[in-house]
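Descriptive analysis of the structure
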Amino acid sequence: MYIKLDHLTKQFGDTAVLDGISAQIQEGEFFVLVGPSGSGKSTLLRIIAGLIPASSGSVFFDSQNVTDLPPKDRHLTMVFQNYALLPFMSVADNIRFGLHNLDLDATEEAKRVNDALDMVHLTELRDRKPKELSGGQQQRVALARAIATKASLVLMDEPLSNLDAQLRTEMRQELVQLHKELGMTLLYVTHDQVEAMTMGERIMVLNDHHIQQVGTPLDLYNHPANKFVATFIGSPKMNMFDATVDALEHFATLELTDANQHSVRLPLPYDLAAGAYQLGIRPEKITLSRSASAGSFPVRVMAVANLGRESSVSLVNNGHEFIASVPEQYPVPENQIVYATLPTDAADLHFFDEKSNLAVNNKGVPEKAGVLDGIA
Amino acid sequence: MTTSLKHINHYFWLTLVALLMGAPILIGIWASLLPTADIAAGHLTSTNISLNNYIAAIQTTPVLRYMANSFIVAILITAGQFVLCTLAAYAFAFLDFKFKKQIFALFLITMMLPFEAQIIPNFQTIRVFGWLDSYAGLTIPFFASAFGVFMLRQAFLQVPDELHEYSQLIGLNHLQFLFKIVLPYSRSTLITFGLYMFLTHWNDYLWPLITTFSDSYRTTQVGLKQLQAQDTFSNWGVIMATAILILLPTLLILLVGQRYFKKGLNTGGLKA
Amino acid sequence: MIEKFWHRWWSLICATMAVIAVIIGLVVATTPQHQAQASNGRITLSFWHSMNGPNGQLLDKLVDGFNKSQTKYKVVPQYEGSYGLAESKYINTLHTNVTPTIMQQSDIATMTAVGDYVPVQQFVDADHYDLNQLYPGILSGFKLKGDLQSMPFNASSSVMYYNKDLFKKYGVKPLSQSPSYSEIRAAAKALTEKSKGAVKGATLQIYPWLPEQLAANQNSVVVNKNNGRSSAATAAELNTPAMQKIFTWVQGMIKDGSFQNFGTGSSASANQMAGFLGGKIGIFMQSSAAAGTIAKAAKFKWGETFTAHADDVPANGVAAGGASLWISKDKSKAEQQGAWEFIKYMMAPKQQAAWQIGTGYIAVNKASVKVPALAAAIKKNPETNVPIKQLQAGKVNAATAGPFLVNSQMDQYLGTAMQQIYGGKDIKTSLKEAENEVNKGIRDTNKSNAAILKAVFAQ
């Protein structure tokens, strides 16, 4: 099912929750709504479900305006954070109960229940009560219940947030796999950018009642439309430096100092008007070495987070803190001085307008492979 | 060693307190087995222990009729409250309407009003309706219970919002949501509520006392009072036997429903 | 266990509950009114009374006899608690579906003031019923302006009961037929001392009716205007020499240690009876209507005497106590006629004789003593006839007519005074205080009930 959101707004009393939301979601797409808590993403999901009326604007399913349709007539199903299972019914009954208004005959109902259970590998637990299951199993029941309806649109509201980290990673893959098999349109709400990046085919970043950016995970990562998306997507966060551009000399001057106490200067990869900017550089683009070299500047190591495969190194220079990601174990003691080198590649330098926070350079720069490593 | 001593100590005191608290009932049971003449003479024992008082109670007093009345009244009230309180509590828990808070506050205020204060207007009402000395008069004034609405609303609020949303998604209407999800979800509160209301109204005294005028409608507690002579001499043996008979359903319910009462008390739902 | 059951059946339970509720609604909305509905073509007459225990059982038996004696009416007796409780129920439910056709009540003054009855005199006249077959001394208390208002069904008088076996055991001379205060005090003291305190000689329950009778026996009224019989009483007369003598006597016995105080409250009377039946009390004063119960429960020989009289005052007699039957105005002619037929039946010699034998109330019908059963009972135990003899020996005057007082708080304040006096407070002070309070009550009542009182006493 193809979904079109047209200038949706929502106010609770005088408080605006959503403002001017317009977007299109393709049929069969795994579409993620991501944003910090309070960004209005759950509200948006509920407006699409019909559980909450929009203050203004319209929702279209295919070409039908469903804005005023009750939820049951929207032919969609939903998976909730707390699973919303009926504790007094067995697993199988819960799934069957979800088929309530589909007017199926008994054999079809039984078949769907069995198929759904099979799909989530819970056939053996069909007669258990939800409270006799683990959190992950409960969420699978909720999934099965959604699957069994064969709805062409499935909404998921933070379905994995109540699970522990390892289970969450497993379930992510299962969900992606399920979506591939069933091919329904899937709207997935999460506050977790990792979840968004690993699962979504396209992602809508919501913040401050507005859409910040819609795009594929790599779009968002490589070409963040604004400073918010730049820092929200990716972990560790993108480093932000104050930069002053001297258009004539084609340099950006940073508030970092080299060994001689001179300001660090970066050659501009493309033309920029003179003025003050925010320069975003992803941690994995900063390289560290034990010895000084051309273009490097000394930094003091504040802390090292060793993740085994890689290390996040907190650094300070001239009172500015930033992080470098090193694709190896990094046994350097605190307060050790090392040397950092900033990238010069156009694709690795993200300039944002100081006032509007909008990106000023991310047009036409080719993507590079391998960036997914940086976000896991 | 010390722990077992401690245990013995604990049990000693607990037994003592239990005996103290149970004494009235134990003495009542004992007295129900003694001939009245011996009780009247102030004897604590008798050579003539028997169940005669129970036989006399059943044969010479309308105690069975009283019990049947109490049973009917308690069941009717419980059923009536169940229906009305459930619907009202549902409205307060799940519906949005104007002045909801204010109306609920009004409900709570009536809870503060002791039943004794409502007796006179209620009496006038059923008097005008011609419901004196009838099941209608005994039960209908209790159908609306602010406490019941409050207790069930609290229980219904425990139903996760997501279940409410889910029910809308799968197209349940209000009644379906109530019956298929809310009630089963709140069943332990409902059981507690039902048992509690049954017991409360089984033990009603004041209202049946002033609105019943014949043995056809008198309930146990009022009937028991009837048996206790005022101007002449009371047949204490039979009275005790009757009291014990009346106590039986209460004990049975307490025994079976203990778990739910505890639960109800723990969640504070029954404190009011 | 419940949970499992519930889980399986909850929908059924819900549905059942809902159905029950609807059914109740329907059933209840169509609850038959308690009007005289014809059952088997009979007119049902509801009869409220205050007889319980053995007396109540006998009453039920007599009613049953009436129901079997004819086929037109069916009287349904309903015990409605004490006279006071029954009266307030009656007043609170006037003109409702439960109003009784026949009402037994002792409080003539209030019933008269409420006025919702048909005077029995009307039926007497229409039926040419011969009132001369009843004792005039008892009828007099139920007459206003010479018309009989209600039928004295269960008449009693106050008597003294004593435990003859105890007297014999401790070598105390049995009481005379009309004992004086000092005779009782001496006997009580002797009993207490000889039993080394195991027995208390006497008691006088904190029950205002008792000192009222003791005062009447000294020819002393308790309210002015000839005990409120000639016109509405305007003041109580409690702080009188007669009352003072009564309580001096009681305080004397308290000082002797031969007196048991059973306190106040609803169980005082029952406790007193239990004490007497248990052989712990030698002498007590009570309505003659208690004789039936004592006869059934006492496992010892007991005696009955006239109400005690003050030493220097000859016995004047006491008022007839008990209650009468009233016919509701709020009923159809047919029902009222049925009520009258019932009353006639209950007043017949045979029924009254059975009533006296079974309860100790006085058979109001003069011919009852000729009924073989009663005659035999009297012959076997002459004391059965003590109340009647007392009535016959008494004078018919204002004191023995008893007080006629509407809604006064006499009982409450005289009761309080008794408590205080039993507790050792000065007799005159206590009585004076009570008198003042009762006077206040009488003034208020007279003011607010002026119209009613005027109607009652209009001549």
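Chain B goes by ABC transmembrane type-1 domain-containing protein in an unreviewed UniProt entry, where it is assigned to Schleiferilactobacillus shenzhenensis LY-73.

Chain A carries the name UgpC in an unreviewed UniProt entry, which gives Schleiferilactobacillus shenzhenensis LY-73 as its organism.

Remarks on the side chain of Thr185 of chain A
Residues and elements named next belong to chain A. Turning to its location among the elements, Thr185 is positioned in strand E8 (residues 185-190). Engagement of the side chain of Thr185 in a polar contact is seen with the backbone nitrogen of Gly28, the distance being 3.0 Å. Not counting residues within four places of it along the chain, the set of residues in contact with Thr185 comprises Met1, Ile3, Ile25, Gln26, Glu27, Gly28, Glu29, Ser152, Leu153 and Val154.

A word on the pattern of salt bridges
Between side chains of opposite charge, pairing is possible as soon as their charged atoms come close. All names here are of chain C. Applying the stated criterion across every chain, the model contains 25 salt bridges over all chains. A salt bridge links Lys432 to Glu435, with the shortest nitrogen-to-oxygen separation between them at 3.1 Å. With Lys432 and Glu435 both in helix H20 (residues 427-448) and 3 residues apart, this pair spans about one turn of that helix. Taking relative accessible area as the criterion, Glu435 reaches 10% and is therefore assigned buried.

Quick notes on the packing of aromatic side chains
On inspection of all chains with the given rule, the structure shows 39 aromatic pairs over all chains. Ring plane angle 40° and centroid distance 5.8 Å describe the contact between Phe30 of chain A and Tyr188 of chain A, whose orientation is recorded as tilted. On the criterion of sequence distance, the pair formed by Phe30 of chain A in strand E3 (residues 30-34) and Tyr188 of chain A in strand E8 is long-range, its members being 158 residues apart. Here Tyr188 of chain A falls in the buried class, since its relative accessible area comes to 0%. Taken together, a centroid distance of 6.0 Å and an interplanar angle of 50° make the contact between Tyr161 of chain C and Trp302 of chain C tilted. Of this pair, Tyr161 of chain C sits in strand E9 (residues 158-163) while Trp302 of chain C is found in strand E12 (residues 302-305), placing the two residues 141 residues apart along the sequence. Trp302 of chain C shares its class with Tyr161 of chain C; the two are buried. What links up through ring pairs into an aromatic cluster is the set Phe92, Phe97, Phe104, Phe107 and Phe150 of chain B. The ring of Tyr166 of chain B is capped by Arg145 of chain A, whose NZ or CZ atom sits 3.6 Å from the centre of that ring.

Regarding the UniProt feature "transmembrane region" (unreviewed entry) in chain B
Residues and elements named next belong to chain B. With numbering matched to this structure, UniProt assigns "transmembrane region" (unreviewed entry) to residues 12-33, 71-92, 104-123, 135-156, 177-199 and 236-256. The span residues 104-123 is 90% helical and 0% strand by assignment, and the distance between its end C-alpha atoms comes to 26 Å. Taken end to end, residues 135-156 has its terminal C-alpha atoms 31 Å apart, with 73% of it in helix and 0% in strand.

Overview of the sheet that holds strand E9 (residues 202-207) of chain A
Residue and element names in this part refer to chain A. Here we have 6 strands laid out as an open sheet, ordered E6-E7-E8-E3-E9-E10, and mixed in their pairing. This sheet does not close on itself; its edge strands, each paired only once, are strand E6 (76-79) and strand E10 (210-215). Here the average twist between neighbouring strands, direction ignored, is 15°. As defined by bridge partners, E9 adjoins E10 across 5 bridges and the pair is classed as antiparallel. Following the sheet pairing, Leu206 is matched in E10 by Ile211. With respect to the sheet, helix H4 (residues 135-148) is in contact with E6 and strand E7 (153-157), its orientation differing from that of E6 by roughly 180°.

Observations concerning the packing of helix H4 (residues 63-94) of chain B against helix H8 (residues 146-157) of chain B
All names here are of chain B. The interhelical angle for the contact between H4 and H8, taken along N-to-C directions, is 50°, at an axis separation of 8 Å. Judged by the angle between their axes, H4 and H8 are oblique. Seen along the crossing, H4 lies across H8 with a hand that is right-handed. Together, Cys85, Thr86, Ala88, Ala89, Tyr90, Phe92, Ala93 and Phe94 of H4 and Gly148, Val149, Leu152, Arg153, Phe156 and Leu157 of H8 make up the contact between the two elements. Split into classes, the residues belonging to the contact of H4 with H8 amount to 11 nonpolar, 2 polar and 1 charged.

Thoughts on the interface of chain B and chain A
With 15 residues of chain B at the contact, the number on the chain A side is 22 residues. Interface area, chain B with chain A, both sides summed: about 1,700 Å², of which 66% is carbon and sulfur. Among the residues chain B hides against chain A, the three largest losses belong to Glu162, Tyr166 and Leu169 of chain B. Together they make up 42% of the total. Applying the counting criterion to the chain B and chain A interface returns 5 residue pairs in polar contact (both at pLDDT 80 or more). Ranked by the residues each element gives to the side of chain B that touches chain A, the list is headed by helix H9 (residues 161-169) of chain B, at 6 residues. In terms of residue class, the side of chain B that touches chain A is built from 8 nonpolar, 3 polar and 4 charged.

Here we look at helix H15 (residues 349-359) of chain C
Residues and elements named next belong to chain C. Residues of H15 that are buried include every one of Gln351, Gln352, Ala353, Trp355, Gln356 and Thr359, and no others. Buried residues in H15 make contact with helix H2 (53-69), strand E8 (151-156), helix H13 (291-297), helix H14 (333-347) and helix H16 (372-380). In the stretch just after H15, Gly360 is the one whose phi turns positive, near 95°.

Some words on H14 of chain C
Taking 1.5 Å of rise per residue, the 15 residues of H14 of chain C would be expected to cover 21 Å, and the 21 Å separating its terminal C-alpha atoms lies within 8% of that figure. Looking only at H14 of chain C, the buried set comprises Glu335, Gln336, Gly338, Ala339, Trp340, Phe342, Ile343, Met346 and Met347 of chain C.

A word on the pairing of strand E11 (residues 239-246) of chain A
Residues and elements named next belong to chain A. The side-chain alternation of E11 yields one buried face, formed by Asn239, Phe241, Ala243 and Val245, and one unburied face, formed by Met240, Asp242, Thr244 and Asp246. Here E11 runs beside strand E14 (residues 275-281); their pairing, made up of 7 bridges, is antiparallel. In the sheet register, Phe241 faces E14, and the bridge partner there is Leu279. Inspection of the sheet shows E11 paired to strand E12 (residues 251-257) by 4 bridges, in the antiparallel sense. Among the inter-strand pairings, Val245 is bridged to a residue of E12, identified as Ala252. The turn linking E11 back onto E12 is made up of 4 residues, and His250 within it adopts a positive phi angle of 60°.

What about the nonpolar core?
All names here are of chain C. Judged by nonpolar contacts, the single largest core of 75 residues is most densely connected at Met151 and Trp340. A per-element tally of this core places H14 first, with 6 residues. If you count residues domain by domain, this core takes at least three from each of domain 1 (38-155 + 321-370) and domain 2 (158-318 + 396-441 + 448-457). Look past the residues within four positions of Met151 in its chain and what remains in contact with it is Val120, Tyr129, Leu131, Leu134, Ala323, Ser324, Leu325, Trp340, Ile343 and Met347.

Calculation criteria
- Residues numbered from 1 in each chain as written.
- Chains lettered and ligands numbered in written order.
- Predicted model: local features only at pLDDT ≥ 70, side-chain atom pairs only at ≥ 80, totals over all residues.
- Heavy atoms only, no water.
- Helix = DSSP H or I, 4+ residues; strand = E, 2+ residues; numbered from the N terminus.
- Polar contact = N/O pair within 3.5 Å; in protein donor to acceptor, adjacent residues only side chain to side chain.
- Contact = heavy atoms within 4.5 Å.
- Salt bridge = Lys/Arg side-chain N within 4 Å of Asp/Glu carboxyl O.
- Buried < 20%, exposed > 50% of the residue type's maximum accessible area, 1.4 Å probe, protein only.
- Phe/Tyr/Trp six-rings, centres within 6.5 Å; stacked < 30°, edge-to-face > 60°.
- Lys NZ or Arg CZ within 6 Å of the ring centre and 35° of its normal.
- UniProt positions renumbered as here; feature names shortened; annotations may be inferred.
- Pairing = 2+ DSSP bridges.
- Axes fitted to C-alpha atoms, helices over the stretch in contact; angles between N-to-C directions.
- Parallel < 35°, antiparallel > 145°, perpendicular 65-115°, else oblique.
- Left-handed = near helix turned anticlockwise from the far one by under 90°.
- Nonpolar A, V, L, I, M, F, W, Y, C, P; charged D, E, K, R; others polar.
- Buried area = accessible area lost by both parts, 1.4 Å probe.
- Expected span 1.5 Å × (residues − 1).
- Core = buried A, V, L, I, M, F, W, Y, C linked by side-chain atoms within 4.5 Å.
- Domains from an automatic or database assignment.

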